[in-house]
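Structural description and commentary
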Amino acid sequence: MNNRTFEQRLEILADSAKYDVSCSSSGSNRRGAPGGVGSTAVAGICHTWTADGRCISLLKILLTNACIYDCAYCVNRRSNDIPRAAFTPAEVVRLTMDFYRRNYIEGLFLSTGVTRSADHTMEQLIAVVRKLRDEERFNGYVHLKIVPGADPLLVAEAGRYADRVSVNIELPTRQSLALLAPDKPRESVIAPMRQVSGLIASAREERKKSRTAPQFAPAGQSTQLIVGATPESDREIVTLAEGLYRRLDMRRVYYSAFVPGSSDRRLPALPTPPLLREHRLYQADWLLRFYGFAAHELLDEERPNLDMRFDPKSDWAVRHLGLFPVEVNSVEYEVLLRVPGIGVRSAQRIVAARRHARLGEAELKRLGVVLKRARYFLTAGGRYLGGIRLDGATLVARLLAPERRPARLDQLELFPETPDASALTGEL
Amino acid sequence: MTACYRYDGTLEGFLCALALCLESGGGEAEFLRPGAESGAGLFAGVPRDVVTERETALRFRERFVTAVSRDAFATLRYAFHSEAAGVEELLWRYVLAGLKQGKRLERMLAQEPVCTVNRLARAVSHEAHRFTGFVRFREVAWPVGDSWGEGDGEKGTTFLYARIEPAVDILAFIAPFFTERLNDRDWMIHDLRRSQAAVFNRETWRLVREVELTSPPGYTADEEVCSRLWRSYFQRMAIPERHNPRLQQQLVPLRFRAHLVEFGGEES
Ligand code: SF4
């Protein structure tokens, strides 16, 4: 399979890698070192965006797209009739360095199909990143995929070289996993996650004692869930995500709208990928991570799925109208965060500015706070900013009216990207 | 009457002008870049020429940092590079407010001039951040008889050359970033709009003004291969079922594309 040109193989392996959503280069802060090449920026840097509006930050590539497994949702599954190709570790290293020096990328995100065995495959991945770090003295970002079922010693080695590691859960429940990925028992996915979470925590402890203690995946671990391939509700998904954040200290959970067309008969036939649902899940995810919401506040048995008409924060607020309006000059920061339309940065600016001056509508605008939705939930100096008092139904109509959101959205749109407050923009 | 100062257009020069303003009592002031005319027309006084001295500029910075804070000075610096009309006068008011209010200045977010200064500073820092991603280096062979980089480029070797056309003046912010990141090659980032360049010789970078290329850059054979690989990789990464060129255009506005290899920019 390797008698193709380099460019042809690059195309095949890129094609096979592109369905992995994660491309973030954030969470690691490493200065350049003399004699080495590269550095990392804690906020991450996007270098370009493809025709589907997704950011390219890392060279996302597979070492090989050949695979002995047959996961129904995956283009690389054994039973899928597609061209196969492979790179040698040296080829990936060269490509990474060439792209990095031209500032196309922040680093490498390396994944692969499983060949021979999980251990053998993991060793191949580690060989690449070892070469990059030791031979090329590469200091840029590396995200390494952990192969489910790989030996714990190999997992530990991977984290010593990589900034971030990930194991994709892919499916929210044991049953779905058993049905669609028969070769990957749930334990083989969860066990390395647990191990990584433990290693990250202990490396962090060691670093507290000594600045020179070795790091372990300083940018943490992430995972990915496919949305819409199996019947789980949003509630199951959001609750799972919450558990991953709280118990495994996951840095990011990515949601990937299931792209139909892979003709495996174990899968549903959707007309298009459920992009709006994916978008709403990202919004709910943000509420968990940065806005102090708990999963059960957003969804419960009666309402197991997110409202597709508007964002989950507005949805929550409309169901809790009794708590509003709140006074912008005095309300606690935590409550301010729950006002629809007020993001973390706006809330921070409000809290800083109101220590010095009383805020009215004009001041809020000067701070750059967008009042379009927020005004219905705020008073400023005792004056209600929404005009006439609204009941629930009218409010819903008002909130919906201006939101003519196109169905195709990306998580990045949630907050306009700016360089400051990086941890809050969702790049993390 | 409004005092009028003519300075060399650099941040250092501007800081010296500010120091001079303070010395002469701190009244209303107008600042002129080289070639600019006073807005006061007939009533304009004779502009004073400001001498740019590093020492004076540093002393002024120290004074402001002590009185207000390091962050406030950083804000001033970013805002200055916005090149917005009247930004000098705005910053002069910012400095006066800072010397009076001290540390409180930074929290006066909802008041002028702090609010506008912050907005300008954010715009510059945003543009600089974008270009940490959008700069595209291309490998170029040293032209024969060239003198860039003070003779560091021996013939037969190569260096990395990038062209940008940012909306505001960001070289001073991105050059240190690339200095740290790419310290094993000579490179040059050329701001075509302002005809200036950041030039790095593997040790330090410096700003060179009035840079004009006399001939088109000669890309190396490796460069042609690498940029072709990048273009085809870029094409492949898009998922057809998620096609969304409008979102793409929002994220990579057209003004950036002329120099982005993956958008076909700079094809020679
Ligand atoms: S093991 Fe990985 S590459 Fe192989 S089919 Fe499953 S998801 Fe795809």
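Just so you know, these numbers come straight off a predicted model, no measurement behind them.

Take the overall build of chain B next. A tally of regular secondary structure across chain B gives nine helices and eight strands. Taking all 268 residues of chain B together, 52% fall into the buried category. Contacts in chain B between residues at least 24 apart in sequence constitute 68% of all its contacts with a sequence separation of at least 6. With an accessible surface of roughly 12,700 Å², chain B has 50% of that area assigned to carbon and sulfur atoms.

So, about the sheet that holds strand S11 (residues 383-384) of chain A. Residue and element names in this part refer to chain A. The strand order across the open sheet formed by three strands is S9-S10-S11, and the pairing between neighbours is mixed. Edge positions in the open sheet fall to strand S9 (326-327) and S11, since each of these has one partner strand only. Where S9 meets strand S10 (residues 378-380), two bridges bridge the pair, whose relative direction is parallel. Opposite Glu-327, over in S10, you have Thr-379 as the bridge partner.

Moving on: the sheet that holds strand S8 (residues 252-257) of chain A. Residue and element names in this part refer to chain A. The sheet built from six strands is open, its strands ordered S3-S4-S5-S6-S7-S8 with parallel pairing. In this open sheet, the two edge strands, each paired with only one partner strand, are strand S3 (58-62) and S8. Going across the sheet, the axis of each strand differs from the next one's by a mean of 20°, ignoring polarity. Sheet strands touched by helix H7 (residues 234-247): strand S7 (221-227) and S8. Its angle to S8, the strand with the most contacts, is close to 155°.

This next bit is on the domain arrangement of chain B. Residues and elements named next belong to chain B. As assigned here, chain B comprises domain 1 (3-127) and domain 2 (135-263). Put simply, the middle of domain 1 and the middle of domain 2, counted by C-alpha atoms, are 32 Å apart. Facing eight residues of domain 1, the contacting portion of domain 2 comprises 11 residues. Looking only at domain 1, the three residues that lose the most surface to domain 2 are His-81, Glu-83 and Glu-127, adding up to 62% of its buried area. The tally of links from domain 1 across to domain 2 stands at two salt bridges. Among the salt bridges present, the one from Glu-83 reaches Arg-194, with a minimum N-O distance of 3.0 Å. Applying the counting rule to domain 1 against domain 2 returns four residue pairs in polar contact (both at pLDDT 80 or more). At the level of elements, helix H3 (70-80) and helix H5 (114-134) are the ones that each hand at least two residues to the side of domain 1 that touches domain 2. Partitioned by chemical class, the residues of the side of domain 1 that touches domain 2 number two nonpolar, three polar and three charged.

Residues and elements named next belong to chain A. Following the criterion strictly, the structure yields 41 salt bridges over all chains and no others. Of the charged contacts, one joins Glu-242 and Arg-246 as a salt bridge, the two residues approaching to 3.2 Å between their closest N and O atoms. You can see Glu-242 and its partner Arg-246 sitting in helix H7, four residues apart, about one turn around the helix. For Glu-242, a relative accessible area of 12% gives the class buried.

The next thing to look at is the confidence of the model for chain B. In low-pLDDT segments, the atomic positions of the prediction should not be examined closely. All names here are of chain B. For chain B, the mean per-residue pLDDT works out to 85, and 90% of the residues sit at or above 70. Averaged pLDDT values over the elements of chain B bottom out at 82 in strand S3 (residues 48-49) and peak at 94 in strand S6 (residues 187-191). In the predicted structure, residues 149-153 sits below a pLDDT of 50 and forms six contacts with residues beyond four places in sequence or in another chain. Our summary of model confidence lists the complex with pTM equal to 0.87 and ipTM equal to 0.89.

Right, let's get into the interface of chain B and chain A. Where the parts come together, the accessible area they lose is often given as the size of the interface. With 58 residues of chain B at the interface, the matching set in chain A holds 70 residues. Here chain B meets chain A over a buried area of about 5,800 Å², counting both sides, of which 57% is carbon and sulfur. Counting every contact that joins chain B to chain A gives nine salt bridges. The salt bridge partner of Asp222(B) is Arg94(A), with a shortest N-O separation of 4.0 Å. Of all the elements in the fold, those that place two or more residues in the side of chain B that touches chain A are H5, helix H6 (171-181), helix H7 (221-237) and helix H8 (245-251) of chain B. Ranked by residues supplied to the side of chain B that touches chain A, first place goes to H7(B) with 12 residues.

Residues and elements named next belong to chain A. Assigned domains of chain A: these are domain 1 (6-295) and domain 2 (312-400). Taken over C-alpha atoms, the centre of domain 1 sits 38 Å from the centre of domain 2. With eight residues of domain 1 in contact, the opposing surface of domain 2 contributes eight residues. For the pair domain 1 and domain 2, the two sides together bury roughly 660 Å², of which 75% comes from carbon and sulfur. Taken together, domain 1 and domain 2 are joined by zero salt bridges. Taken together, the residues that form the side of domain 1 that touches domain 2 break down as five nonpolar, two polar and one charged.

This brings us to the packing of helix H2 (residues 54-67) of chain B against helix H4 (residues 87-101) of chain B. To characterise two packed helices, one gives the angle between the axes of the helices and the distance between these axes. Residue and element names in this part refer to chain B. One can describe the packing of H2 onto H4 by two numbers: an axis separation of 8 Å at closest approach and a directional angle of 50°. The angle between H2 and H4 falls in the class oblique. For the crossing formed where H2 meets H4, the hand is left-handed. Counting all contacts with H2, which are made through Phe-60, Arg-63, Phe-64 and Ala-67, the residues of H4 involved are Tyr-94, Val-95, Gly-98 and Leu-99.

Turning to helix H10 (residues 312-319) of chain A, a few remarks are in order. When you tally the buried positions in H10(A), you get seven out of eight residues, the bulk of the element. Those residues of H10(A) that sit buried are Pro312(A), Lys313(A), Ser314(A), Asp315(A), Trp316(A), Ala317(A) and Val318(A).

Moving on to the packing of aromatic side chains. Using the criterion set out here, one finds 31 aromatic pairs over all chains in the structure. Plain terms: the ring middles of Phe99(A) and Trp230(B) are 5.2 Å apart, the flat faces sit at 80° to each other, and that makes the pair edge-to-face. Taken together, the residues Phe99(A) in helix H2 (residues 89-101) and Trp230(B) in helix H7 connect one chain to another. Summarising the burial analysis for this pair, Phe99(A) and Trp230(B) share the class buried. Residues Trp230(B) and Tyr233(B) carry aromatic rings whose centres are separated by 5.9 Å and whose planes lie at 20° to one another, so their mutual orientation is stacked. Taken as a pair, Trp230(B) and Tyr233(B) lie in helix H7 at a separation of three residues, close to a single helical turn. Neither residue differs from the other here; Trp230(B) and Tyr233(B) are each classed as buried. Through a chain of ring-to-ring contacts, three or more aromatic side chains come together here, namely Tyr5(B), Tyr7(B), Phe14(B), Phe31(B) and Phe80(B).

What counts, and where the lines are drawn
- Residues numbered from 1 in each chain as written.
- Chains lettered and ligands numbered in written order.
- Predicted model: local features only at pLDDT ≥ 70, side-chain atom pairs only at ≥ 80, totals over all residues.
- Heavy atoms only, no water.
- Helix = DSSP H or I, 4+ residues; strand = E, 2+ residues; numbered from the N terminus.
- Buried < 20%, exposed > 50% of the residue type's maximum accessible area, 1.4 Å probe, protein only.
- Contact = heavy atoms within 4.5 Å.
- Areas by Shrake-Rupley, 256 points an atom, 1.4 Å probe, with all protein chains shown as cover.
- Pairing = 2+ DSSP bridges.
- Axes fitted to C-alpha atoms, helices over the stretch in contact; angles between N-to-C directions.
- Domains from an automatic or database assignment.
- Buried area = accessible area lost by both parts, 1.4 Å probe.
- Salt bridge = Lys/Arg side-chain N within 4 Å of Asp/Glu carboxyl O.
- Polar contact = N/O pair within 3.5 Å; in protein donor to acceptor, adjacent residues only side chain to side chain.
- Nonpolar A, V, L, I, M, F, W, Y, C, P; charged D, E, K, R; others polar.
- pLDDT = per-residue confidence, 0-100.
- Parallel < 35°, antiparallel > 145°, perpendicular 65-115°, else oblique.
- Left-handed = near helix turned anticlockwise from the far one by under 90°.
- Phe/Tyr/Trp six-rings, centres within 6.5 Å; stacked < 30°, edge-to-face > 60°.

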